[in-house]
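Coordinates in review
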Amino acid sequence: MKKIQLIILLAILPVLLFAQSTTWPEINTEMLPGTRWWWLGNAVDKGNLTYNLEEYAHAGIGTVEITPIYGVQHNESNEIQFLSPKWMEMLQHTVAETKRVGMQTDMNTGTGWPFGGPEVTIEDAASKLLTNEYKVKGGDLFSNVLIPEDKKQQGKAKLSKVMAFGSKSQCLDLTYNVKTDGKLTWKAPGGEWTIIAVFCGKTLQKVKRAAPGGEGYVMDHFSKRAVKNYLNRFDKAFASTKTPYPHNFFNDSYEVYGADWTEDFFEQFFIRRGYKLEEYLPEFLSTERTDITARLVSDYRETLSDLILENFTNQWTDWAHLHGSKTRNQAHGSPGNLIDLYATVDVPECESFGISDFGIKGLRKDSLTIKNFSDISMLKYASSAAHISGKPYTSSETFTWLTEHFRTSLSQCKPDLDLLFVSGVNHCYFQGTPYSPKEAAWPGWQFYASVNISPNNTIWYDAPAMFSYITRCQSFLQLGKPDNDFLIYLPVYDAWNDLDGRLLQFDIHKMEKRMPQFIHTVQTIYQKGYDVDYISDRFILSTKCINGKLVTQGGSSYEALILPAVKKMPVAVLNHLLNLAEQGAKIVFMDNFPNDVPGYSHLPGRRKQLKAVLSKLDLMTDFNNITLKKLKKGEIITGKDIESTMLAIGRDPEEMKTKFGLHALRRSNDDGYHYFISALQNKDVDDWMILTVPAKSAIIFNPLTGESGKAKTRIENGKTQVYLQLKSGESLILKTYTQADVNCPAWEYLKDITQIIDLNKNWNLHFEQSEPAIKGNFELNSLGSWTDLNVAEAKINRGTGIYNTSFTIDDLNSNEWVLDLGDVRESARVIVNGQVVTTLWSVPFECKIGKFIKKGVNNLQVEVTNLPANAIADLDRKKVQWRIFKEINFVDINYKTSTYGNWQTMPSGLVGPVKLKLQQKF
C-alpha cells in the first residue's frame, strides 16, 4: 500500500510543482487604476464622452467615477440637470462606452459633497442642537412662546423637549404642556428653577461644489427617513429611464459641518443607552468637564456613531446591493467609530492629502507643496476595516494637493503611491480627471484640488508607464489575504470620554490630537518591524481563537491583540478578550489595564462587573517589566516598552524594516507569501535579509519594468534569507514559496561598476511635440535645461524634446550596461538603436540596455517631456483668462486666489549628467 502511495506521489509531484504560479497575476479591470471623473456643470455630450473615455482606456485607466460639480462660466446652455432624463441618457452612454473599451463606471451618489440636493426638505436637512434657558423662581408663572433665539432658525427648528430642573434636584418634563403655537404656561413650584428648551435646529449647510440639479440642503445622515427619502430620488431616475446601475456608488469624506443632532435623538438615545438624556441636560450642556458630563457626552457620541452607521452607512449599502451595485466610502471626518463605518461598506477608501518627504535621493523637491496629512497610521483605518471584515479591496483618493497646480511630476507621485500600497491600499483612484471637451482651449477644464491626470496635462504622455506600475502592484496586492502581525485596539471610548466639546469628528487633519498615544503606538510598532490592523469593540466581540491565532470575522488571522494604554472598556469586550486568552490567544496590555467602564448607565453595577473580570488577572500590575500570565492555553502580556513587549509575543520582526529601513507589506497566498517592498528612504539596500516566513524559494517581480526572476535564497540558523537590491526610491515584489523550489530564470543582480562612459556631450535636440512650436535642431556641447536655450519659446513651452547621441562599444560581454540619465525634467522614453527600451518616470532614472546594444557605434534617443508650469505661468503673464470656472475659481494650494505669473522658470529636459555604467552580474 505504501509503495502504491509513493508511486502516486511521484507521479503527481511534477504537476504540483508546475502548478506553482511563477508569473505575474492575470490582469483584470479592478487591478487598473481608477479616477474621479469631474463633470463640470454636467455639460457633457456623447461625442466628447467617447473621446475622453477612449483616451483614458488607451492610457490604462480601468474605472471612471462620475462626480458632477460646479460648471464653466457662460456655458449654461450646455449644462444638464443632475438625474434628469438627459443626464441619465449621458450616464447610459457612459456605461455602454466604458464596457465597450474595457472599463467600468462608478458614480457619486450626489453632486459635489456631502450628500444633499433640491429634494432634501428642511425636515430632512442636516440638524443641530439648539437650546434656550430660562430662570424661574418658585411660585412665578412662566408664560412664553418657545422659539429659537437665532432668527434664521425660526420657522425651521422644531421643539424636541422642554425640561425644568429645580434647585432641589427635581426634574420635570414640560414638553406636553407646550401648546401647538409653541407657548408654554407653567407655574413653578417652590425653589429656583431652570427651564431648558431643546430644539432640533438646522445647520442650513448647502451641498459644497454642487452641480446643476444638485444644489440644496445637505441631508441629515443620522435620520433613517432622510436617507431613505434621499435615495428615492435615484430610484425614480434609474427606474424611469431604465438606466443600468453603476459598478460602485461612491461617498466622499464626511464634511458635514456642525450637524450634531437629529429629530428623534432623545428616543434613539434612550433605546441604545438605557436612560433619558433629557433628564441630565444641565450636566450634558455644562462647559465644565466633570466626570458625569464626560460620561454623558461619551454616550451622546456613541449614539451619533450608532445612528450614522445604521441609518446612513448600512442603509446606503443595502440600497446599493438591492440594485446590484456596491459602495465605496470615505468614512474619515465622521462622528463615529471609523473602523465600524469603513467595515460596513464594500470598498473602504482612505485619502492621501499632500506630499510626503522621505528624503529619496535625486527626487526633485518643489517649493510649493502641502505636507501629507495622511501618514501610515491614518491610511490604515480603511485597510484595517477591509482586512478584519474580509473585504477584498481598499481604495484611496490619490494625489490630492501634492504640489501646486501644473507642477507635479510623475516621479513625485511614486513615493506616495508606495506609501498607500504599504498601508494596505490595493485600488487607487486618482484625484482626479476633469471631463474636458476636445475643442476646449488649453489648459482645458480644470478642478482646483488635484493633480490633473488627463490628456490636457503634459505628464499624460508618459503616464501609461505609471499606470502600468500601479496595475502590476495592484495585481499582487489584490492577490491572497492580508498577513499583518497584530491587531491593535482602537480606544474610541477614551476619545469619546476625554476630548473636550460635544461633537467629535475624526478627520485626517486632527488625528494626532485626537489619539496621540494610539498613533504613537502604531508608528512605533511599524518602525520595530511589524505591521498591524486596527480593531473595534464590535469586531473584537466576533473574533475567535483558532489554533492560537486570533481570527476576525473576515477570516484574517493575527498573532496577538494589543491594547495601547486603554483606560475605558466595556465589560463584555474585556471579558471576551480574557476568554480568547483562555482559548489560546495572546492579549497584550500596554502601560495599564482598563480601569473603568465608559458611559453613564448603570455605572456602579458595570464597575463591579469590570472589577470581577480584572480579578482574573490577579496581581499583574508591574507594567515596568514584561509580565506573562498563562490563562489555560493562551497568555496575557503586560509591559511599557513596545519593542520588548513585541519580542515577548514571540513574533520576529521583519529585518528588511528594522535593519535596512525598508517599507513593506506582506500578504499570504496559495503558494506562500508575497511582499510589496519600497525603499522610501535616502539610502540604497544591497544585502541578504532574514524573512519571518519559511520559504524554499522566492521570485522577485519588478513592477516598474515587468521583469521577474528567481531570487537568491539561503537558510541560516533555520531561517530563510533572501538577497535584495533596491536603490533609494525603488520598489519590488517578492513572492515566496513555502514548499516548492520553483524552476524559472534567475533574477539578474548587478554588482561592481567596471566601466563608465560619459555621455554629457555631443547631443542633438529637436522638438516634434511642443506648444508653442520650437523649430530647428540644437547641437549641445553639454546638457542642461532646455529653458537655457537662446530661444524665447523654450522658456514657456510644454511638450517633448528629443535628444540624440551615439556611443561606441568596443566589446560585448556577459555583464550589463546600465544607462543613468541623472536629473530628468520630468520623464523620459529611452530608445536604443531604434528599439524602445522603456519609459523612465521615477527616480533613479536608470535602465538596463545591454540586450539592445551592439558592438561598435550605437544610437541613443531620449524623449523628455516637461511639466506645463512654464506654459501656464506665461498665460498668466499675458492675462489669458483660462480660469473660467463658476466656483472657487481657481484657488492655489493655500486655498487663496492667486496667479502664477510670478513663478520662476522651471527646468525642462535632460539635465544629466548622463552616463553608461558597465556592471558585473552575479
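An account of the accompanying structure is given in this report. (Residues numbered from 1 in each chain as written. Predicted model: local features only at pLDDT ≥ 70, side-chain atom pairs only at ≥ 80, totals over all residues. Heavy atoms only, no water.)

Considerations on the overall build of the chain
Applicable threshold: In DSSP terms, a helix is any run of H or I states spanning at least four residues, a strand is any run of E spanning at least two, and both are numbered starting from the N terminus. This radius of gyration counts C-alpha atoms alone. The globule rule is 2.2 Å times how many residues there are, raised to the power 0.38. Under the scheme applied here, a residue whose accessible area is under 20% of the maximum for its type counts as buried, over 50% as exposed, and between as partly exposed, the area being computed with a 1.4 Å probe on protein chains only. Contact between two residues is taken to exist if any of their heavy atoms lie within 4.5 Å; hydrogens are not considered.
From N to C terminus, the chain includes 20 helices and 46 strands. Its C-alpha atoms give the chain a radius of gyration of 31 Å, within 12% of the compact-globule value 29 Å for 922 residues. Of all 922 residues assigned to the chain, the portion counted as buried reaches 61%. For the chain, contacts bridging at least 24 residues in sequence account for 78% of all contacts bridging at least 6.

Some thoughts on the packing of aromatic side chains
Filter applied, for reference: Side-chain rings of Phe, Tyr and Trp, where Trp is taken by its six-membered ring, are said to pair if the distance between their centres is within 6.5 Å; with planes under 30 degrees apart they count as stacked, over 60 as edge-to-face, and otherwise as tilted. Two thresholds decide whether a charge sits over a ring: the Lys NZ or Arg CZ must be within 6 Å of the ring centre and within 35 degrees of the ring normal.
All chains considered together, the criterion is met by 65 aromatic pairs. Plain terms: the ring middles of Trp-38 and Phe-447 are 3.8 Å apart, the flat faces sit at 15 degrees to each other, and that makes the pair stacked. Remark: Phe-447 occurs in the loop between strand 16 (427–434) and helix 11 (463–477) and Trp-38 occurs in strand 1 (residues 34–40); sequence separation between them is 409 residues. In this structure, Arg-328 is placed above the aromatic ring of Tyr-429, and the distance from its NZ or CZ to the ring centre is 3.6 Å. Across the ring face of Trp-688, the terminal group of Arg-714 is positioned such that the distance to the ring centre comes to 4.1 Å.

A short note on the nonpolar core
The condition is simple: Only buried Ala, Val, Leu, Ile, Met, Phe, Trp, Tyr and Cys residues count toward a nonpolar core, and they belong to the same one when joined by side-chain atoms within 4.5 Å.
Trp-87, Tyr-381, Tyr-448, Met-466, Leu-561 and Ile-587 are the most contacted members of the largest nonpolar core, which has 205 residues in total. No other element matches helix 7 (residues 291–322), which puts 11 residues into this core. Ignoring anything within four residues of it in the chain, the contact list for Tyr-381 reads Leu-338, Ile-339, Tyr-342, Leu-490, Met-511, Met-515, Phe-518 and Tyr-534. Judged by nonpolar contacts, the second largest core, of 41 residues, contains Phe-778, Trp-786, Val-791 and Val-832.

Brief notes about the sheet that holds strand 30 (residues 697–701)
Condition: A pair of strands is labelled paired if DSSP reports no fewer than 2 bridges between them.
On the basis of which strands lie adjacent, the open sheet formed by 6 strands has the order 17-27-28-34-30-31 and antiparallel pairing. The sheet is open, and its two borders are formed by strand 17 (481–482) and strand 31 (708–710), each paired with just one other strand.

Thoughts on the packing of helix 5 (residues 265–273) against helix 7
What counts here: Each axis is a line fitted through C-alpha atoms, and for a helix only the stretch in contact is used; angles between axes span 0 to 180 degrees, taken between their N-to-C directions. Should an angle lie under 35 degrees it is considered roughly parallel, over 145 roughly antiparallel, and from 65 to 115 roughly perpendicular; all remaining angles are considered oblique.
Helix 7 packs onto helix 5 with a crossing angle of 100 degrees between their chain directions and a minimal axis gap of 10 Å. Put simply, helix 5 runs roughly perpendicular to helix 7. Two secondary-structure elements touch here, helix 5 through Phe-265, Gln-268, Phe-269, Arg-272 and Arg-273 and helix 7 through Asp-299, Tyr-300, Glu-302, Thr-303, Leu-304, Asp-306, Leu-307 and Glu-310.

Quick notes on the environment of Ile-535
Mapped onto the fold, Ile-535 is located in strand 19 (residues 532–535). In the structure, Ile-535 is positioned 17 residues away from Thr-552 in sequence and 9.1 Å away in space, judged by C-alpha atoms.

Things to note about helix 10 (residues 410–422)
To keep it simple, the criterion reads: Here the expected length of a helix is defined as 1.5 Å per residue gap, with one fewer gap than residues.
For helix 10, with 13 residues, the first-to-last C-alpha span of 19 Å sits near the 18 Å given by 1.5 Å per residue. Of all 13 residues in helix 10, 13 are buried, a share of seventy percent or more. Following helix 10 by one or two positions, Gly-424 adopts a phi angle in the positive range, close to 110 degrees.

What about the pairing of strand 23 (residues 560–564)?
The condition that has to hold: The path from the first strand over the helix to the second decides the hand: if it runs clockwise while the strands point away from the viewer, the crossover is right-handed.
Summarising burial for strand 23: 5 of the 5 residues are buried, a large majority. The two faces of strand 23 match: Ala-560, Ile-562 and Pro-564 on one face and Leu-561 and Leu-563 on the other face are all buried. In this structure, strand 18 (residues 486–489) lies alongside strand 23, joined through 3 bridges in parallel fashion. Pairing of Leu-487 across the sheet is with Leu-561, part of strand 23. The sheet contact formed by strand 23 and strand 24 (residues 586–590) spans 4 bridges and is parallel. Note that in strand 24 the partner of Ile-562 across the bridge is Val-588. In this fold, strand 23 hands off to helix 16 (residues 571–582), which returns the chain to strand 24; that crossover is right-handed.

What to know about the packing of helix 16 against helix 17 (residues 603–614)
Rules: Should the near helix be turned counterclockwise from the far one by less than a right angle, the crossing is left-handed, whereas a clockwise turn marks it as right-handed. Lys, Arg, Asp and Glu make up the charged group, whereas Ala, Val, Leu, Ile, Met, Phe, Trp, Tyr, Cys and Pro make up the nonpolar group; the residues left over, Gly among them, are polar.
The geometry of helix 16 relative to helix 17 is characterised by a closest axis approach of 10 Å and an angle of 10 degrees between their N-to-C directions. Relative to helix 17, the element helix 16 lies roughly parallel. When the axes of helix 16 and helix 17 are compared, the crossing they make is left-handed. Facing Val-571, Leu-574, Asn-575 and Leu-578 of helix 16, the residues of helix 17 in contact are Arg-606, Gln-609, Leu-610, Val-613 and Leu-614. Considering only residue class, the contact of helix 16 with helix 17 consists of 6 nonpolar, 2 polar and 1 charged.

Side note on the pairing of strand 42 (residues 835–840)
Sheet topology note: the strand 41 (residues 827–832)/strand 42 ladder contains 5 bridges and is antiparallel. In the strand pairing of strand 42, Val-830 is matched with Thr-838. Hairpin remark: strand 41 followed by strand 42, antiparallel, with 2 residues in the connecting loop; positive phi at Asn-833, about 50 degrees.

Remarks on the sheet that holds strand 16
By way of backbone hydrogen bonds, the strands of a sheet pair with one another, either parallel or antiparallel. The strand order around the closed barrel built from 8 strands is 1-2-3-12-13-14-15-16, with neighbouring strands paired in parallel fashion. Between one strand axis and the next, the sheet turns by 30 degrees as a mean value, whatever way the strands run. Relative to strand 13 (residues 326–329), strand 12 (residues 248–251) runs parallel, the two being bridged by 4 bridges. Bridging from a neighbouring strand, Phe-249 pairs with Thr-327 of strand 13.

Remarks on the pattern of salt bridges
One side chain can pair with another of opposite charge once the charged atoms of both are near each other. What counts here: Salt bridges are defined as contacts in which a side-chain nitrogen from Lys or Arg sits within 4 Å of a carboxyl oxygen from Asp or Glu.
Following the criterion strictly, the structure yields 59 salt bridges and no others. In this structure, Asp-252 engages Arg-36 in a salt bridge whose closest nitrogen and oxygen atoms are separated by 3.7 Å. Here Arg-36 lies in strand 1 and Asp-252 lies in the loop between strand 12 and helix 5, a separation of 216 residues in the sequence. Here Asp-252 matches Arg-36 in class, with each residue buried. A salt bridge links Asp-173 to Lys-161, with the shortest nitrogen-to-oxygen separation between them at 3.4 Å. In this pair, Asp-173 is assigned in strand 8 (residues 171–173) and Lys-161 in strand 7 (residues 158–166), connecting sequence segments 12 residues apart. The partly exposed category is assigned to Asp-173, whose relative accessible area is 34%. One continuous salt-bridge network, built from bridges that share partners, spans Arg-36, Glu-65, Asp-106, Asp-252, Arg-328, Glu-349 and Glu-397.

Notes on unusual backbone geometry
Residue Pro-772 follows Glu-771 across a cis peptide bond; omega there is 0 degrees. Here Pro-772 is to be found in the loop between strand 36 (763–771) and strand 37 (778–780). A cis geometry characterises the amide bond from Arg-825 onward to Glu-826, with omega recorded as 20 degrees. Of note, Lys-242 is a non-glycine position whose phi angle comes to about 55 degrees, a positive value. Here Lys-242 shows up in the loop between helix 4 (224–241) and strand 12. One non-glycine residue, Asn-762, lies in positive phi territory at about 60 degrees. Residue placement: Asn-762 occurs in the loop between strand 35 (750–758) and strand 36. On the basis of relative accessible area, Asn-762 is assigned to the exposed category, the value being 60%.

Some points on the environment of Val-297
By secondary structure assignment, the location of Val-297 is in helix 7. The spatial distance from the C-alpha of Val-297 to the C-alpha of Ser-475 is 45 Å, given a sequence separation of 178 residues. Discounting residues that sit within four places of it in the chain, Val-297 has contacts with Phe-284, Arg-289, Trp-496, Gly-501 and Arg-502.

With respect to helix 20 (residues 869–877)
Burial analysis of helix 20 places 8 of its 9 residues in the buried class, the great majority of the element. On its buried face, helix 20 is in contact with strand 38 (798–809). Count one or two residues on from helix 20 and you reach Lys-879, which has phi positive near 60 degrees.

Description of the side chain of Glu-65
We apply this condition: N or O atoms within 3.5 Å of each other form a polar contact, as long as, within protein, one can give a hydrogen and the other can take it, and as long as residues adjacent in sequence are counted only when both atoms are side-chain atoms.
Here Glu-65 is to be found in strand 2 (residues 63–69). Judged by relative accessible area, Glu-65 falls into the buried class, the value being 0%. Side-chain polar atoms of Glu-65 contact the side chain of Thr-67, separated by 2.5 Å. In contact with Glu-65, other than residues within four places in its own chain, are Thr-35, Arg-36, Trp-37, Asp-106, Met-107, Asn-108, Phe-250, Arg-328 and Tyr-429.

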